[in-house]
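Examination of the molecular architecture
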Amino acid sequence: MKTKSIVIASFAILLIAAYLISDPQTITFDDASWEFTTEKPDISDPDVLMCVPAAYTSESGEVIGHYKDGKRREGNPDYRYTTVYLDKGHFQQLTLVRDKKQKESHDTKRRFRRALCKKGNKYYIENSRFPVTLTVFAKQLCGKYDYACNLDMGTYSYGWYKESGRTHHIGIFSYLNSRKQSNWIVVRKRK
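Before going into details, it helps to say that this report is about the structure given with it. (Residues numbered from 1 in each chain as written. Predicted model: local features only at pLDDT ≥ 70, side-chain atom pairs only at ≥ 80, totals over all residues. Heavy atoms only, no water.)

**With respect to the overall build of the protein**
Regarding its fold elements, the protein presents two helices and 15 strands. Considering only intrachain contacts with a sequence separation of at least 6, the fraction spanning at least 24 residues in the protein is 68%. Per element, the accessible surface of the protein, about 11,400 Å² overall, is 53% carbon and sulfur. (Helix = DSSP H or I, 4+ residues; strand = E, 2+ residues; numbered from the N terminus. Contact = heavy atoms within 4.5 Å. Areas by Shrake-Rupley, 256 points an atom, 1.4 Å probe, with all protein chains shown as cover.)

**Side note on unusual backbone geometry**
One non-glycine residue with positive phi stands out, namely Asp99, at about 55°. On the basis of relative accessible area, Asp99 is assigned to the exposed category, the value being 59%. (Buried < 20%, exposed > 50% of the residue type's maximum accessible area, 1.4 Å probe, protein only.)

**Side note on the sheet that holds strand β2 (residues 32–37)**
In space, the five strands of this open sheet follow the order β2-β15-β3-β13-β14, with antiparallel pairing throughout. Here the strands that pair on one side only, and so sit at the sheet edges, are β2 and β14 (166–170). For this sheet the average axis-to-axis angle between neighbouring strands, irrespective of direction, equals 20°. Taken together, the six bridges between β2 and strand β15 (residues 184–189) define a ladder with antiparallel strand orientation. Among the inter-strand pairings, Trp34 is bridged to a residue of β15, identified as Val187. (Pairing = 2+ DSSP bridges. Axes fitted to C-alpha atoms, helices over the stretch in contact; angles between N-to-C directions.)

**Some thoughts on the packing of aromatic side chains**
Summed over the entire model, instances satisfying the criterion amount to five aromatic pairs. Relative to Phe91, the ring of Phe36 has its centre 5.1 Å away and its plane inclined at 20°; by these criteria the two rings are stacked. With Phe36 in strand β2 and Phe91 in strand β7 (residues 90–93), this pair connects stretches of sequence that are 55 residues apart. By relative accessible area, Phe36 is classed as buried at 3%. Between Tyr124 and Tyr145 the ring centres are 5.2 Å apart and the planes differ by 55°, which places this aromatic pair in the tilted class. (Phe/Tyr/Trp six-rings, centres within 6.5 Å; stacked < 30°, edge-to-face > 60°.)

**Some words on the nonpolar core**
One finds Phe29, Trp34, Met50, Phe91, Leu116 and Ile185 to be the most contacted residues of the largest nonpolar core, which totals 25 residues. Listed by contribution, the elements that provide at least two residues to this core are β2, β3 (48–53), β11 (122–127), β12 (147–150) and β15. Ignoring sequence-local partners within four residues, the contact set of Ile185 consists of Trp34, Glu35, Met50, Cys51, Val52, Ala54, Leu86, Phe91, Leu116 and Leu151. Core analysis: the next-biggest nonpolar cluster, separate from the first, contains 12 residues, Leu134, Phe137, Leu141 and Ala148 among them. (Core = buried A, V, L, I, M, F, W, Y, C linked by side-chain atoms within 4.5 Å.)

**Concerning the pattern of salt bridges**
Tallied over the full model, the rule gives 10 salt bridges. In this structure, Arg190 and Asp31 form a salt bridge, with 4.0 Å as the shortest nitrogen-oxygen distance. Of this pair, Arg190 sits in the segment after β15 while Asp31 sits in the loop between β1 (26–27) and β2, placing them 159 residues apart in sequence. Take Asp31: its relative accessible area is 59%, and that puts it in the exposed class. (Salt bridge = Lys/Arg side-chain N within 4 Å of Asp/Glu carboxyl O.)

See the structure below:
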C-alpha cells in the first residue's frame, strides 16, 4: 500500500512539474521572416528568433515529402500531405485546420503536439500543454486560425526561440535526438 502511495505521489509531482515547465502555448513574432530550411541555424545568431522542426523526418534522415529551401525543389511528393508555403521556401505536412474548419484525422495516440498556424497574414506556433490526439489538437485550433498544420514532434521535437533577450528551449526532453532532425522552420528578423 505504501509503494502505491509513493507511485501516485511521484506521478502527481511529475504532472505538476510538467505543467510548470511546459512550453508556452503560443509563439509568434512581429516583423519577422518565416523560412523553411534544411540547414540548422546557429543558436547564437542574433538575427534568428526561432528554430523548430518542420516536416517529418524518415528513419534514414530524409525529409518526407517535397520541399524547397533554395532555388530548386527537392524530395518526392507525398500525397498524404499538403504543401505549406512560408515567406521563404515550402514543405509538405499534415493539415489540421483549413479555412477555420477541422480536417479529419484517424490518429488515436496521445502525444505532445506542435502546429504551424496562420491567421490572416500572421504565423503562429501552437504547442499543446498535455498529450492529446491530433483530432483534439485540431479541434482546439479550429475557429481560432484560418489554417494549421502539424509539425514534427515525437522524439525530434526540440527547438528554441528568443524573447526579451533570453533563449527559451522547447521540447527540451528531445534534445539528445536533435542531431536526427533534417529540416526546420526558422524565424529571422527582417532587415
